[in-house]
Amino acid sequence: MMRRLLLLLFAALPACAAGLRAGAARVDITPDGPIWMSGYASRNHPSEGVRQRLFARALAIDPGSGGRVVIISTDLVGLPASIADEVAARVRNRFGIERARLLLNSSHTHTGPVVWPNLAAMWDLPADEETKLREYAVRLTGDLVTAAGNALADLAPAQLSFGFGEVGFAVNRREPSARGIRIGVNPAGPVDHQVPVIKVAAPDGRVRAVLFAYACHNTTLTGDSYQLSGDYAGVAEAQLESDYPGATALFLSLCEGDQNPNPRSTVELAEQHGHALAAEVHRVLNGDLRPLRGPVRAAWVETRLRFAPQPRSVYEADLANPKASPALRNRARKMLASPVTGVAYPVQALRFAHDLTLLALGGEAVVDYDLRAKREYTGEPLVVAAYSNSVMCYIPSERVLAEGGYEAVDNLVYYGQPGPFAPGVETSVFDAIHQAMKRVGRSK
Ligand SMILES: [Zn+2]
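This report concerns the structure included in the present document. Since the model is a prediction, treat every value here as computed from it, not as a measurement. (Residues numbered from 1 in each chain as written. Predicted model: local features only at pLDDT ≥ 70, side-chain atom pairs only at ≥ 80, totals over all residues. Heavy atoms only, no water.)

For the rest of this paragraph, the subject is the coordination of the zinc ion. H108 (NE2), H217 (NE2), E364 (OE) and Y394 (OH) make up the full set of protein donors to the zinc ion, lying at 2.0 to 2.4 Å. Coordination at the zinc ion comes from 4 donor atoms whose angles at the metal span 84 to 178 degrees, giving a geometry best classed as irregular. Counting along the primary sequence, the residues that act as donors to the zinc ion give the motif H-x108-H-x146-E-x29-Y. Here H108, found in the loop between β4 (102-106) and α4 (127-153), pairs with E364, found in strand β18 (residues 364-365); they are 256 residues apart in sequence, far enough to count as distant. The class of H108 is buried, set by a relative accessible area of 1%. Residue E364 is classed as buried on the basis of its relative accessible area of 2%. (Donors = N, O, S within 2.8 Å, 3.2 Å for Na, K, Ca; no water. Tetrahedral: all angles 85-135°; square planar, octahedral: opposite > 155°, others 65-115°. Helix = DSSP H or I, 4+ residues; strand = E, 2+ residues; numbered from the N terminus. Buried < 20%, exposed > 50% of the residue type's maximum accessible area, 1.4 Å probe, protein only.)

Moving on, we come to the packing of helix α7 (residues 312-320) against helix α8 (residues 326-337). Here α7 crosses α8 at 140 degrees, and the two axes come no closer than 9 Å. By the angle between their axes, α7 is oblique relative to α8. When you trace α7 past α8, the crossing you get is left-handed. On α8, the residues touching R312, Y315, E316, D318 and L319 of α7 are L328, R329, R331, A332, R333, M335 and L336. Classifying every residue of the contact of α7 with α8 by side-chain character gives 6 nonpolar, no polar and 6 charged. (Axes fitted to C-alpha atoms, helices over the stretch in contact; angles between N-to-C directions. Parallel < 35°, antiparallel > 145°, perpendicular 65-115°, else oblique. Left-handed = near helix turned anticlockwise from the far one by under 90°. Contact = heavy atoms within 4.5 Å. Nonpolar A, V, L, I, M, F, W, Y, C, P; charged D, E, K, R; others polar.)

Judged by pairing direction, the sheet is mixed, and its 5 strands sit side by side in the order β4-β3-β2-β1-β5 without closing on themselves. Single-partner strands in this sheet number two, and they are β4 and β5 (156-157). (Pairing = 2+ DSSP bridges.)

Moving on to the pattern of salt bridges. Per the counting criterion, the structure on display carries 27 salt bridges. E380 is the partner of R351 in a salt bridge, and the nearest nitrogen-oxygen pair spans 2.7 Å. Here E380 lies in the loop between α9 (367-376) and β19 (382-385) and R351 lies in strand β16 (residues 342-352), a separation of 29 residues in the sequence. Each member of the pair R351 and E380 is classed as buried. Several salt bridges converge on common partners, so that one network encompasses R173, R174, D368, R399, E403 and E407. (Salt bridge = Lys/Arg side-chain N within 4 Å of Asp/Glu carboxyl O.)

In structure tokens, the structure reads:
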């Protein structure tokens, strides 16, 4: 009888039985005082107060056998490689976490600070604003390392499980028009409404952390918003942390380069979308979840994506054009001083036993990457994040690159990149995805 009871207990607690531990932490990364906000070129002055505080949230997982993993989410537009690389180097030196086992993701809020030097070429910033942004980048780098350390210090026996829900407020934003593709609403375009959820519970069942994700630009709020906030993702995180006292709720951005919340543009709508997302996560957490076990296999592949060559005359014309925007002029000056031919691109895979793989792509990848990866890798659940580790520009699929529009062409001005990618960008990204997936033992 006793033996049967014990067997039943072990069957019910697979993760605990294997000695899995998890830890979570939250560090406030709200800038002190007014700061230049990222995401919209139309802004012409620094922030005016705080609607919602911004956080870096970290989840550490020690599967008991094999290496530990740290996942950090940030209520920010995206991290430049310079900050991600420095954080990764310090986390490795201090805590022994390898690069492949640290995942940095950003919620892509457009009501957060500029994360220097990303997207800073959008404006001709006053010198004192640039100084504030450089200081914020230094502070943020330290804060992200602190978040990782605090989550590791919080490691305690835990049960991990996962499930999927769905919410429908993301819409494809690449709207065909007489003048080509513009940012609007395209109900016929591809979307992925899935909401992956990972639950981290204490042995007594108390929720200690929730990791949830969605493929939708965190841009309910527009360029006339000057209060700092985490937009819909921040609302959902705050709601879940209030529903589960003491828990840390981390939001991960998925392949949402061409996905917008619909409708959008008011604080009320940001709250509506955030509450809808939190309610769905809440429903999934209280439904049938599958166990998430270790060990965690990890892979990191860095490839290089090539831009289509541009003649110098393109940039000389931008500089000679009195009507050129500050962003066009800044990009032209940069390219004439030191031409850029390509960009480093990180692809990461974290595979939990044979339960779930988390694929994390850099940049603002469009939803085609998510849909193709899920078509190619079937049989075991897959979550495809983007905005991970570093954000260098949008990552169009071959289809989007050929169609043109903001995600293919215009964004590169703001990111200070030379121009559109050369054909073959999707193949290069998928070559890296295939390598990373193979290293964690997944085949097509
Ligand atoms: Zn974006």
